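# Close look at the chain arrangement
Given next are the chains, with one letter for each unit.
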Amino acid sequence: MGKRFYCDFCDRSFADTGVNRKNHFKGVQHQRMRKQHYDSFRDAATILNEESMKIPCKRFLQDPASCDYGDSCKFSHLTPERRHQLEQQVLKDKLDKDKSKQTEMTEPSLEEWLEKRRQKRLKIEPNNDSPIMNYELPPFLVNVPNLPPSLLPPTIEELKNKPTCEWG
Ligand SMILES: [Zn+2]
Ligand SMILES: [Zn+2]
């Protein structure tokens, strides 16, 4: 068996001769597969743009089989369905792009995030340096003897050693 040429676009192989290759590359089938392959790498907007610059192929639109030029036709072979498909794809691409842009904008940098977290913690956690309130008996209680303990103001010592309790 001689050497075989494998065409990636068409996913088929044939005896590797110059004539075979030339014929294969010229073939409508190969050109279509090749175009499809490259189209899949171009975005829908580009294709749509290119196709709408072309004049629609009258022959193709009447009967797709009647235009012998296939995808190498200089007129547009874009069917309404394909156009619709492309337009949907353009919208989707745009949404995806906007979405990734948004997350880029709202995503804080690590430094910003740490700073925000630090400030939040400052707010929540009691500051140990804050002055301890000095509780005093209201004037009308000062001269009342034998006040019950619940009415006595806490001493500084008591405040300092107060058990931390979490309200939950
Ligand atoms: Zn091929
Ligand atoms: Zn045509």
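In this text, all values refer to a predicted model and were calculated from it rather than measured experimentally.

## Thoughts on unusual backbone geometry
Unlike most non-glycine residues, Asp-11 shows phi in positive territory, near 55°. With respect to the element layout, Asp-11 can be found in the loop between strand S1 (4–7) and strand S2 (12–15). Not every positive phi belongs to a glycine, and Asn-146 is a case in point at roughly 50°. Summarising the element assignment, Asn-146 is placed in the loop between helix H7 (139–142) and helix H8 (156–160).

## Describing the packing of helix H3 (residues 44–53) against helix H5 (residues 80–106)
Following both chains from N to C, one finds H3 and H5 inclined at 140°, their axes separated by 8 Å at the closest point. The angle between H3 and H5 places the two elements in the oblique class. You can see that H3 and H5 cross each other, and the crossing is left-handed. Across the interface between the two elements, Ala-44, Ala-45, Ile-47, Leu-48 and Ser-52 of H3 pack against Arg-82, Arg-83, Leu-86, Glu-87, Gln-89, Val-90 and Asp-93 of H5.

## Brief notes about the packing of helix H1 (residues 18–26) against helix H2 (residues 28–39)
Packing of H1 against H2 brings their axes to within 5 Å, and their N-to-C directions diverge by 60°. Seen from H1, the contacting residues are His-24, Phe-25 and Lys-26; seen from H2, they are Val-28, His-30 and Gln-31. The class makeup of the residues in the contact of H1 with H2 is 2 nonpolar, 3 polar and 1 charged.

## As for the coordination of the zinc ion (ligand 1)
Around the zinc ion (ligand 1), the protein contributes the donor atoms Cys-7 (SG), Cys-10 (SG), His-24 (NE2) and His-30 (ND1), at 1.9 to 2.2 Å from the metal centre. In this structure, the zinc ion (ligand 1) is surrounded by 4 donor atoms whose angles at the metal cover 104 to 115°, and the resulting shape is tetrahedral. Between consecutive donors of the zinc ion (ligand 1), the numbers of intervening residues give the motif C-x2-C-x13-H-x5-H. His-30 matches His-24 in its accessibility class, with the two residues each being buried.

Cut-offs applied
- Residues numbered from 1 in each chain as written.
- Chains lettered and ligands numbered in written order.
- Predicted model: local features only at pLDDT ≥ 70, side-chain atom pairs only at ≥ 80, totals over all residues.
- Heavy atoms only, no water.
- Helix = DSSP H or I, 4+ residues; strand = E, 2+ residues; numbered from the N terminus.
- Axes fitted to C-alpha atoms, helices over the stretch in contact; angles between N-to-C directions.
- Parallel < 35°, antiparallel > 145°, perpendicular 65-115°, else oblique.
- Left-handed = near helix turned anticlockwise from the far one by under 90°.
- Contact = heavy atoms within 4.5 Å.
- Nonpolar A, V, L, I, M, F, W, Y, C, P; charged D, E, K, R; others polar.
- Donors = N, O, S within 2.8 Å, 3.2 Å for Na, K, Ca; no water.
- Tetrahedral: all angles 85-135°; square planar, octahedral: opposite > 155°, others 65-115°.
- Buried < 20%, exposed > 50% of the residue type's maximum accessible area, 1.4 Å probe, protein only.

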